[in-house]
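Per-entry structural report
Here is what each chain is made of, one letter per residue.
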Amino acid sequence: MRNRTLFQTRPKAGLTSKKTSCDWHAVRALPNQRVKLGSLPLFVLLQLTIFLASVQFVCGQVSVLTWHYDNQRSSVNQSETLLTPANVNTKSFAKLFTQPVDGYIVGQPLYVPGLSVVPGPNVHDSGVHNVAFVATMHDSVYAFDADNGALGPLWKTSLLDYSPTGATPVNPNVKPCNNDTAWAEIGIVSTPVIDPSTNTMYVVGETYENYHVVHRLHALDIASGLELSGWPVTITASYVFNGKNNIFLDQQQMNRPGLLLANGHVYVAWGGPGCNVLDKGWIMSYNAATGAQEGIFDTEPGTYWASVWQKGAGLSADSDGNIYGETGEGPFVPGKNFGTSVIKLSQSGTSLTVADWFTPYNVNYLYSSDWDLNDAVLVLPDQPGPYPHELIVTGKQGTIYVLNRDNMGQFCSSCTTTDSQIIQELPNAVGTWPGTPVFWNGTVYFDGGSNLSAYTVSNGVLLTSPKTLQINGGGHALITSNGMAGAVYWSIGSGVLQATDPMTLKMLYTSNQAPNQRDVLPPLAHFAGPIEADGKVFVGTRTSLVVYGLLPQLSP
């Protein structure tokens, strides 16, 4: 319990802007006088140009504050000006550096440009930096300079220090399932979320204390890595249904989906540690300011299963604040037990309730065959046509479901071959075990099995003649672009970073192409995936954060 004295209030230093964050402190070293550039000698202009380029590293374009960029889980960054199909190749693009960490990185890295890191007991290098954040299964959170591989961690915080009795990460053998995910230890599993208005990172840690598994929701100041006053919050829950009190069992649960910040609340989803043994799905809501628990939903009251796994993808939210998630296999009883379902939740005061839902007609077959729903819900922007508010989900079997957010269809007991009550269903349309769909430029991309499939959206439905490319798929992919230009589709398949042109479906780059294993990724944790911002691609591995980008001679 080293750091119980390190609690602090929220500092004023930190993130200055979400979209553009520039700190020109270095420019103030120039003489404090006006200069007409036309009167300067050529060599001075050249030196000034080099100088300005040298301070560009503190000028960022986009922050990555949550899983896959936004609460709609579009998986798209449209503010990328450096990486394009023209330069993402082995001659121009490469692994730049690696930063070692103390455990597996399962959750997605996050990124904040132009962050003022303040001096403190956890801080090794203060000042203004573009910062990449990662959390490990050893219950550690790191902040790294995203551009300078010569620096070590800017700060590092161990969540183990905030246990009142002493703690370690959880040995997987303590939990059921015989370690299906092959993790060496269990600590921070899910992707944290950052609130830019308060410079706060919310993160769930899992620890082993006095022979018990404990989960806590932490709130860290991203400028120093210190815990905020009044935090962390120990997670407990019970849910009364039909007179029976269902208790949250830490040993049976894991927070795999990325955290969601919406409605002034942090939403945390739960499921089993890799199999269905006395586990059940839970979704909990915490007040982001106070840490008070203000909503509990149990997917299987009175029984078990129906985990909210989503392969680590975060819960989703629409512009009205409705919350969406998918559940794994489990018993289904309409309106009561939500195995293999898409659920829509509403936050009202301190209550979290089901507003609507969808369950496939063949739920019993999917349940018995382990073909459950297991990715993030893609919330589409408003569409032309009769159903402006839509969402898209997929199942392990590769079936696509297009749902009306205003009337999700619930369950069709009379349907025998398709769910006729929903907008569209395309059975076995994409490869098995697909990742979360990606929506860009009027097209939805599905990455599953051995194919990348691109479906055009017209009047709110998918045209059924997609373009396809053979690819190692199954992970959560993303697209970066400069508006509608210069797009690159990023994915990881079989432990290899892949870049594809989403317009032509031509492979641009893989991390195995360069000679002498120059760009090869180290072994990855189960469910690990990439994220991209400001010309850099960040990948968490079992031992490190790996940063890719343009080779130095081509960087600005």
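Residues numbered from 1 in each chain as written. Predicted model: local features only at pLDDT ≥ 70, side-chain atom pairs only at ≥ 80, totals over all residues. Heavy atoms only, no water.

**A word on the pattern of salt bridges**
All told, the structure shown has 10 salt bridges when counted by the stated rule. A salt bridge links Lys 156 to Asp 102; the nearest nitrogen and oxygen atoms lie 3.3 Å apart. Highlighted residues: Lys 156 in strand S6 (residues 153-158) and Asp 102 in the loop between strand S2 (93-100) and strand S3 (110-117), separated in sequence by 54 residues. Each of Asp 370, Asp 372 and Lys 396 takes part in a single network of salt bridges with overlapping partners. (Salt bridge = Lys/Arg side-chain N within 4 Å of Asp/Glu carboxyl O. Helix = DSSP H or I, 4+ residues; strand = E, 2+ residues; numbered from the N terminus.)

**Structural notes on unusual backbone geometry**
The peptide bond linking Trp 231 to Pro 232 adopts the cis configuration, its omega dihedral lying at 0°. Looking at where Pro 232 falls in the secondary structure, it is placed in the loop between strand S9 (212-221) and strand S10 (233-234). Look at Gln 517: it is not a glycine, yet its phi comes out positive at around 55°. For Gln 517, the location among the structural elements is in the loop between strand S35 (506-510) and strand S36 (530-533). On the basis of relative accessible area, Gln 517 is assigned to the exposed category, the value being 63%. (Buried < 20%, exposed > 50% of the residue type's maximum accessible area, 1.4 Å probe, protein only.)

**Some details on the state of the cysteines**
Throughout this description, disulfide means a covalent bond between two cysteine sulfur atoms. Scanning the entire structure with this criterion turns up one disulfide. Note that Cys 412 is cross-linked by a disulfide to Cys 415, the S-S spacing being 2.0 Å. Taking the torsion about the sulfur-sulfur bond, which here is approximately 85°, the covalent link between Cys 412 and Cys 415 counts as right-handed. Of the two residues, Cys 412 and Cys 415, both sit in the buried class. (Disulfide = S-S within 2.5 Å.)

**Things to note about the sheet that holds strand S24 (residues 390-394)**
Across the sheet, four strands lie side by side as S23-S24-S25-S26; this open sheet has antiparallel pairing. Where the open sheet ends on each side, the last strands, each with one partner, are strand S23 (378-379) and strand S26 (424-426). By the bridge criterion, five bridges tie S24 to strand S25 (residues 400-404) in an arrangement that is antiparallel. Residue pairing in the sheet places Leu 391 in a bridge with Leu 403 of S25. (Pairing = 2+ DSSP bridges.)

**What about the nonpolar core?**
The biggest cluster of nonpolar side chains holds 56 residues, and the ones touching the most others in it are Phe 133, Trp 490 and Tyr 548. Membership of the second largest hydrophobic core comes to 21 residues, among which are Leu 217, Ala 219, Ala 237 and Trp 282. (Core = buried A, V, L, I, M, F, W, Y, C linked by side-chain atoms within 4.5 Å.)

**Description of the pairing of strand S38 (residues 544-550)**
By the criterion of burial, S38 is predominantly enclosed, with seven of the seven residues buried. Sheet topology places S2 next to S38; seven bridges connect them, and they run antiparallel. The partner of Phe 93 across the bridge, within S38, is Leu 550. The sheet contact formed by strand S37 (residues 536-540) and S38 spans five bridges and is antiparallel. In the sheet register, Val 539 faces S38, and the bridge partner there is Val 546. Hairpin geometry of S37 and S38 is characterised by an intervening segment of three residues between the two adjacent antiparallel strands.

**Here's the deal with the confidence of the model for the protein**
Of all residues in the protein, 87% have pLDDT values of 70 or greater, and the mean over the chain is 87. pLDDT under 50 marks residues 1-40. Its contacts with residues more than four places away, or in other chains, come to 84 contacts. Taken together, the stretch residues 43-59 has pLDDT below 50 and engages in 24 contacts with residues farther than four places along the chain or on a different chain. (pLDDT = per-residue confidence, 0-100. Contact = heavy atoms within 4.5 Å.)

**Concerning the sheet that holds S35**
Consider a sheet: its strands pair through backbone hydrogen bonds, and that pairing is either parallel or antiparallel. Spatially, five strands are ordered S1-S32-S33-S34-S35 in an open sheet, and the strand pairing comes out mixed. With one partner strand each, in any of the chains shown, strand S1 (76-77) and S35 form the two edges of the open sheet. Looking at chain direction, strand S32 (residues 478-482) and strand S33 (residues 485-493) are connected through four bridges and run antiparallel. In the sheet register, Asn 482 faces S33, and the bridge partner there is Ala 485.

**Some points on the pairing of S32**
The element S32 is extensively covered by neighbouring structure, given that four of its five residues are classed as buried. With two bridges connecting them, S1 and S32 associate as parallel partners. Directly across from Asn 77, in S32, lies its bridge partner Thr 480. Count of turn residues in the S32/S33 antiparallel hairpin: two residues, of which Gly 483 carries a positive phi of about 65°.

**Here's the deal with the side chain of Glu 209**
Checked against the element boundaries, Glu 209 lands in strand S8 (residues 200-209). In this structure the side chain of Glu 209 is engaged in a polar contact, spanning 2.6 Å, whose partner is the side chain of Arg 216. Those residues in contact with Glu 209, other than ones at most four positions away along the chain, are Ser 163, Pro 164, Thr 165, Gly 166, Ala 167, Val 214 and Arg 216. (Polar contact = N/O pair within 3.5 Å; in protein donor to acceptor, adjacent residues only side chain to side chain.)

**What about the side chain of Thr 200?**
In this structure, Thr 200 sits in strand S8. Under the relative-accessibility criterion, Thr 200 is labelled buried at 0%. Within polar-contact distance, the side chain of Thr 200 engages the side chain of Thr 198 at 3.0 Å.

**What to know about the environment of Trp 67**
Locating Trp 67 in the fold gives a position in the loop between helix H1 (42-54) and S1. As a C-alpha pair, Trp 67 and Pro 257 span 190 residues in sequence and 9.1 Å in three-dimensional space. Setting aside chain neighbours within four positions, we find Trp 67 in contact with Arg 73, Gln 108, Thr 191, Gly 312, Ala 313, Gly 314, Ala 376, Thr 436 and His 476.

**A word on the packing of aromatic side chains**
One pass over the full model with this rule turns up 17 aromatic pairs. Here a set of aromatic residues connected by ring pairs shows up, and it is made of Phe 297, Phe 332, Phe 338, Trp 357 and Phe 411. Over the ring of Tyr 304 we find Lys 280, and its NZ or CZ is 5.5 Å from the ring centre. (Phe/Tyr/Trp six-rings, centres within 6.5 Å; stacked < 30°, edge-to-face > 60°. Lys NZ or Arg CZ within 6 Å of the ring centre and 35° of its normal.)

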